[in-house]
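The primary structure of each chain is shown beneath.
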Amino acid sequence: MFGSGAESGHENSAISGTVLIPTRFVWPYGGRRVYLSGSFTRWSEHIPMSPIEGCPSVFQVIWSLAPGYHQFKFFVDGDWRHDDHQPFVSGNYGVVNTIFLPREPDMVPAVFSSDAPGGSNMDLDNDPFPRGEVIPRISEGDLDVSRHRISEFLSAHTAYELLPESGKVIALDINLPVKQAFHTLYEQGIPVAPLWDFCKGQFVGVLSALDFILILRELGNHGSNLTEEELETHTISAWKEGKLHLNRQIDGSGRLCPRPLVHAGPYDSLKDVALKILQNKVATVPIIHSPSQDGSFPQLLHLASLSGILKCICRHFRHSPSSLPILQQPICSIPLGTWVPKIGESNGQPFAMLRPNASLGAALSLLVQAEVSSIPIVDDNDSLLDIYSRSDITALAKDRAYAQIHLDNMSIHQALQLGQDANAPYGLINGQRCQMCLRSDPLHKVMERLANPGVRRLVIVEAGSKRVEGVISLSDVSRFLLG
């Protein structure tokens, strides 16, 4: 499969004039004779590796590489080997290790571990896959193996494992005034709360940020019967009934039928919980336990989300990355997320972005009509400035701002400032709100970021310019992993 050529020298096949980067390769698993070969030698040259003084089982060599993407393997005592603890993919030469080198490196990279520390928003100034460069693709076999192992893990673990050691879950009485519920969500910093019906003795639904978006749009509708004054007494129950009329949810007999509460039990599998969230297009699923077979006296234990399930996956496979070959794949090489259509693409899915001076009313309409949970806010060059999410609507509860503004007269920038420090400089990306990644980032880094509490999506940006290229959400990753 591989040719044998010269065994020494530090000249490789890089184009003349390209800046070469000294790169250290390490084989820490022993052997008598160890060689390195790869795409940078056109797989025709074996580079001898030497044992480190004092560590005879660890071999190393420093070789100069051109910036970009490279594949390599080790030739150990006559056998071709790859290192499971370094990034790897399946290619034309079997399973091979990979390395990405930025255009302007700050140091000599050491190829030893795939768990290199990253910044809070990863490295957004260097892209190891420049435009036009060949991107590695994962095989169908490796994809099927990864999905099968994830499915097995999720099927063998239950929702009980999502429960924190301590914490609180807030539920709202369905007869609570909408205005009070609005303020409660804002003060508690939560986007959703289960609803309790005292008369029925059970949980009957959830109140979410989307409800408040629809309520504010109704307030702005001159033909609406709902006024700001009525929010003082208008109950959640009354709103939910009115929402049925808005959505025209009518059964076969012509009667309005409320949507049943999507929930799970503590002993349901993580896979079942994830599928309930995805199939019903909800952000959370209440974990409810009843000590009685008839379901009476239900106990609300937790609000399960995809981020908690993704965290379980990351924690379980962190020390055995080789069992999931897909984790090392760059996100641009797999069908994941929503991307800005390229020039000339007529069938691309529309991608929603807004300028900061667009009206809040336009943003809310886009969130509802496009059925998206967030909208990137960009400048005239489409570079990311901020992001407006459904949950940001609760900021209007601050100082009763919703009663003092008109949705079409308030800009997105003004709305975002309600929930932020008024002294924060405009035009600077809020690192806590705008979680970003590059098209070249491997899937495991994206998963680890999305597993953090409060992170629902990552905005894919172009290195350096921060120009928006797409969005990857929790549901995108979960659907892809579950197949």
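A brief report on the enclosed structure follows. (Residues numbered from 1 in each chain as written. Predicted model: local features only at pLDDT ≥ 70, side-chain atom pairs only at ≥ 80, totals over all residues. Heavy atoms only, no water.)

With that out of the way, let us pick up the overall build of the protein chain. A tally of helices and strands in the protein chain yields 10 helices and 21 strands. For the protein chain, the proportion of its 483 residues judged to be buried stands at 45%. A separation of at least 24 residues holds for 67% of the contacts in the protein chain among residues at least 6 apart in sequence. Working note: accessible area of the protein chain is about 24500 Å², and carbon and sulfur atoms make up 50% of it. (Helix = DSSP H or I, 4+ residues; strand = E, 2+ residues; numbered from the N terminus. Buried < 20%, exposed > 50% of the residue type's maximum accessible area, 1.4 Å probe, protein only. Contact = heavy atoms within 4.5 Å. Areas by Shrake-Rupley, 256 points an atom, 1.4 Å probe, with all protein chains shown as cover.)

The next thing to look at is empty space enclosed by the protein. Scanning the entire structure with this criterion turns up 1 cavity of 30 Å³ or more. Its boundaries defined by the atoms lining it, the largest cavity holds a volume of some 70 Å³. Forming the walls of the largest cavity are L154, A274, L306, I309, L310, I313, S478, L481 and L482. If you list the elements that add at least two residues to the lining of the largest cavity, you get α6 (306-317) and α10 (474-482). Class assignment for the residues of the lining of the largest cavity results in 8 nonpolar, 1 polar and no charged. (1 Å grid on protein atoms, 1.4 Å probe; cavity = no way out; pocket = protein on both sides within 12 Å on 5 of 7 lines; lining within 4 Å. Points joined across faces, edges and corners; volume = space filled by probe spheres on them. Nonpolar A, V, L, I, M, F, W, Y, C, P; charged D, E, K, R; others polar.)

Attention now moves to the packing of aromatic side chains. What the rule picks out here adds up to 10 aromatic pairs. Residues W27 and F74 carry aromatic rings whose centres are separated by 4.9 Å and whose planes lie at 45° to one another, so their mutual orientation is tilted. Here F74 lies in strand β6 (residues 68-76) and W27 lies in strand β1 (residues 21-27), a separation of 47 residues in the sequence. Of the two residues, W27 and F74, both sit in the buried class. Ring plane angle 15° and centroid distance 4.3 Å describe the contact between F182 and F212, whose orientation is recorded as stacked. Of the two residues, F182 sits in helix α2 (residues 178-188) while F212 sits in helix α3 (residues 209-219), which places them 30 residues apart along the sequence. Each member of the pair F182 and F212 is classed as buried. Joined through ring pairs, the aromatic side chains of F25, W27, Y29, F40, F72 and F74 make up one cluster. (Phe/Tyr/Trp six-rings, centres within 6.5 Å; stacked < 30°, edge-to-face > 60°.)

Here we take up the nonpolar core. Judged by nonpolar contacts, the single largest core of 44 residues is most densely connected at L310, I313, M447, L450, V477 and L481. Per element, the largest residue contribution to this core is 7 residues, and it comes from α6. L185, A193, L360 and I377 belong to the second largest nonpolar core, which has 37 residues in total. (Core = buried A, V, L, I, M, F, W, Y, C linked by side-chain atoms within 4.5 Å.)

Once that is clear, we can look at the pairing of strand β13 (residues 202-208). For strand β12 (residues 192-197) and β13, the ladder comprises 6 bridges, and the chain directions are antiparallel. Across the sheet, residue A193 finds its bridge partner in β13, namely L207. Remark: 4 residues form the turn of the hairpin made by β12 and β13, two consecutive strands paired antiparallel; G201 in that turn has positive phi of roughly 70°. (Pairing = 2+ DSSP bridges.)

Right, let's talk about the sheet that holds strand β19 (residues 436-437) for a bit. Across the sheet, which stays open at both edges, the 4 strands sit in the order β16-β21-β20-β19 with mixed pairing between neighbours. Unpaired on one side and paired on the other, β16 (338-339) and β19 mark the two borders of the sheet. Looking at chain direction, strand β20 (residues 457-461) and strand β21 (residues 468-473) are connected through 5 bridges and run antiparallel. In the strand pairing of β21, V459 is matched with V471. Each of β19, β20 and β21 touches helix α9 (residues 443-450); the most contacted strand, β20, lies at about 135° to it. Those strands touched by α10 are β16 and β21, and its axis lies near 65° from that of β21. (Axes fitted to C-alpha atoms, helices over the stretch in contact; angles between N-to-C directions.)

A word on α2. For α2, every residue scored as buried is listed here: V178, K179, A181, F182, H183, T184 and L185. Looking one or two residues beyond α2, the residue adopting positive phi is G189, at roughly 65°.

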